[in-house]
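Observations on the three-dimensional arrangement
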Amino acid sequence: MSSIDGALLRDRLGDRYAAVEVVPSTGSTNADLREAVAKGAADRTVLLAEEQTAGVGRRARSWVSPKGSGLYLSVALRPHGVSFTALGSLSIVAGLAVRAVAERLGVDAVLKWPNDVLAGASRAKCAGILADAVAGDDASVVLGIGLNVLPLGENVPAGAGGLPATSLAEQGATSTDRGEIAALLLTELDDRERRWRLAGGDLTEAGLLGEYRQHCATLGQDVEVQLPDGSTLSGRAADVDAAGQLQVDVADGRRHTVFAGDVVHVRPA
């Protein structure tokens, strides 16, 4: 399998990003860029790794990142004019970019709130997204994306809710050239993030909320949401608002707004 050519990737992306670096191996691209942001890294700095030895997903879960099998990348963003509270919706923006790339490669993919991309008839997980806010004088975030391009092999643990892993290759992608896919993904992300930023982080104003609602498999499903405090909320996923928050209707008729949590699809509505 060929390595990602950093020079070719930078050429494909033109001036969309301030810096794009590809490294053979690292613990976590998100951890590396969080440190870089704290030291003054420029807005729209990108780091990709051929492998991660300590990749992390939401709630500190490990993310399997074997060498040459996927895209493991992070983007440092300093979206001036966007409030700190709006940064959480960047996971929505990134999910839309990943799904668009899958579609361009002929793969049937949908979104699972808040940060998963599911592919194939069995709706297995092919990508995950992690947005890490970085403390500082301005609103900064490191947006991490892990996308399985080639099969991960056996003994890969299931994700939250028992979701099995899959890859673009296993779902019949028309290309598995990771350099090409990285360029597609970063281009799709650039387009959507710029719209999101100009709208002050409002998904509706950015024209992204309708796209998300169209492709979010969570909506209309009965769900169980494991909340950050350890409690569980059960109900029907009714909507996603302009801030990227999930709206859940419960049995007593109330509607709850969920900003963060792990969602399990119980059954279709």
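A brief look at the structure comes next. Every chain begins its residue count from 1, and numbering advances along the sequence as written. For this predicted model, a pLDDT threshold of at least 70 governs which residues receive local features, and a threshold of 80 or more governs which side-chain atom pairs are given and counted, while totals over whole chains, interfaces and linings are taken from all residues. As a convention, hydrogens and water are excluded, and side-chain values are obtained from all of the structure's heavy atoms.

**Re the environment of Val37**
Spelled out, the test is: Starting at the N terminus, helices and strands are each numbered in turn, a helix being any DSSP run of H or I of at least four residues and a strand any DSSP run of E of at least two. In this description, contact between two residues means that some pair of their heavy atoms is separated by no more than 4.5 Å.
Relative to the assigned elements, Val37 resides in helix α2 (residues 29–38). Separated by 105 residues in sequence, Val37 and Val142 place their C-alpha atoms 8.3 Å apart. Once residues within four sequence positions are removed from consideration, Val37 is found in contact with Ala76, Arg78, Val134, Ser140 and Val142.

**Structural notes on the packing of aromatic side chains**
Note the following rule: Each pair of aromatic rings taken from Phe, Tyr and Trp, with Trp reduced to its six-membered ring, is defined by centres within 6.5 Å and is described as stacked if the planes are under 30 degrees apart, edge-to-face if over 60, and tilted in the remaining cases. Distance and angle both matter: a charge sits over a ring if NZ of Lys or CZ of Arg is within 6 Å of the ring centre and within 35 degrees of the ring normal.
Per the stated rule, a full pass over the model turns up 0 aromatic pairs. A cation sits over an aromatic face here: Arg44 above Tyr17, 5.0 Å from the ring centre.

**Some details on helix α4 (residues 178–198)**
Note that an α-helix has 3.6 residues per turn; residues three or four places apart therefore point the same way. Under the convention used in this document: By this rule, a helix spans an expected 1.5 Å times one less than how many residues it contains. Using a 1.4 Å probe on the protein chains alone, a residue whose accessible area is under 20% of its type maximum counts as buried, one over 50% counts as exposed, and one in between counts as partly exposed. Any pair of nitrogen or oxygen atoms within 3.5 Å is treated as a polar contact; in protein, a donor-acceptor pairing is required on top of that, and neighbouring residues in sequence qualify only through side-chain atoms on both sides.
The end-to-end C-alpha distance of α4, which contains 21 residues, comes to 30 Å, matching closely the 30 Å that a straight helix rising 1.5 Å per residue would cover. Burial analysis of α4 places 15 of its 21 residues in the buried class, which makes it a mostly covered element. With a side-chain oxygen positioned 3.0 Å from the backbone nitrogen of Gly179, the residue opening α4 is Asp177. Immediately beyond the C-terminal end of α4, within one or two residues, lies Gly200, with a positive phi of roughly 70°.

**Overview of the pattern of salt bridges**
Put simply, the rule reads: A carboxyl oxygen of Asp or Glu within 4 Å of a side-chain nitrogen of Lys or Arg is what we treat as a salt bridge.
Scanning all chains against the criterion turns up 22 salt bridges. Among the ionic pairs, Glu188 bridges to Arg192, the shortest N-O distance being 2.5 Å. You can see Glu188 and its partner Arg192 sitting in helix α4, 4 residues apart, about one turn around the helix. Comparing Glu188 with Arg192 shows no difference in burial state: the two are buried.

**Quick look at the nonpolar core**
To be explicit about the condition: Side-chain atoms within 4.5 Å are what join buried Ala, Val, Leu, Ile, Met, Phe, Trp, Tyr and Cys residues into a set we call a nonpolar core.
Leu71, Trp113, Leu147, Leu168 and Leu189 are the most contacted members of the largest nonpolar core, which totals 67 residues. Considering each element in turn, this core owes the most residues, 9 residues, to helix α3 (residues 90–104). What Leu71 contacts, discounting residues up to four positions off in sequence, is Ile4, Ile145, Gly146, Leu147, Val149, Arg178, Ile181, Ala182 and Leu185. Formed by 8 residues, the second largest nonpolar core is a distinct cluster that contains Val23, Leu47, Ala49 and Val134.

**Structural notes on the layout of surface pockets**
To keep things clear, this is the line we draw: Only protein atoms enter the 1 Å grid, on which a cavity is a set of points fitting a 1.4 Å probe that cannot get out and a pocket is an open set with protein on both sides within 12 Å along at least 5 of 7 lines, lining residues being those with an atom within 4 Å of a point. Grid points are joined across faces, edges and corners, and a volume is the space filled by probe spheres set on the points.
Roughly 440 Å³ of internal volume is contained in the second largest pocket. Lining the second largest pocket are 26 residues, and of these Gly88, Ser91, Ala131, Phe259 and Ala260 lie nearest its centre. Looking at the lining of the second largest pocket, the elements that each hand over two or more residues are α3 and β6 (124–134). Top contributing element to the lining of the second largest pocket by residue count: β6, with 4 residues.

**Overview of the environment of Lys67**
When you line up the elements, Lys67 lands in the loop between β2 (45–49) and β3 (70–77). Overall, the relative accessible area of 58% leaves Lys67 in the exposed class. As for Lys67 and Ala36, which are separated by 31 residues in sequence, their C-alpha atoms are 23 Å apart.

**Considerations on the environment of Ala124**
Residue placement: Ala124 occurs in strand β6. Under the relative-accessibility criterion, Ala124 is labelled buried at 3%. Other than its neighbours up to four places away in sequence, Ala124 contacts Val117, Leu118, Ala119, Pro164, Ala165 and Thr166.

**Description of α3**
With 15 residues, α3 extends 21 Å between its outermost C-alpha atoms, agreeing within 8% with the 21 Å of an ideal straight helix rising 1.5 Å per residue. Among the 15 residues in α3, 13 count as buried, and that is most of the element. Gly106 occupies a position one or two residues after α3 and carries a positive phi of about 80°.

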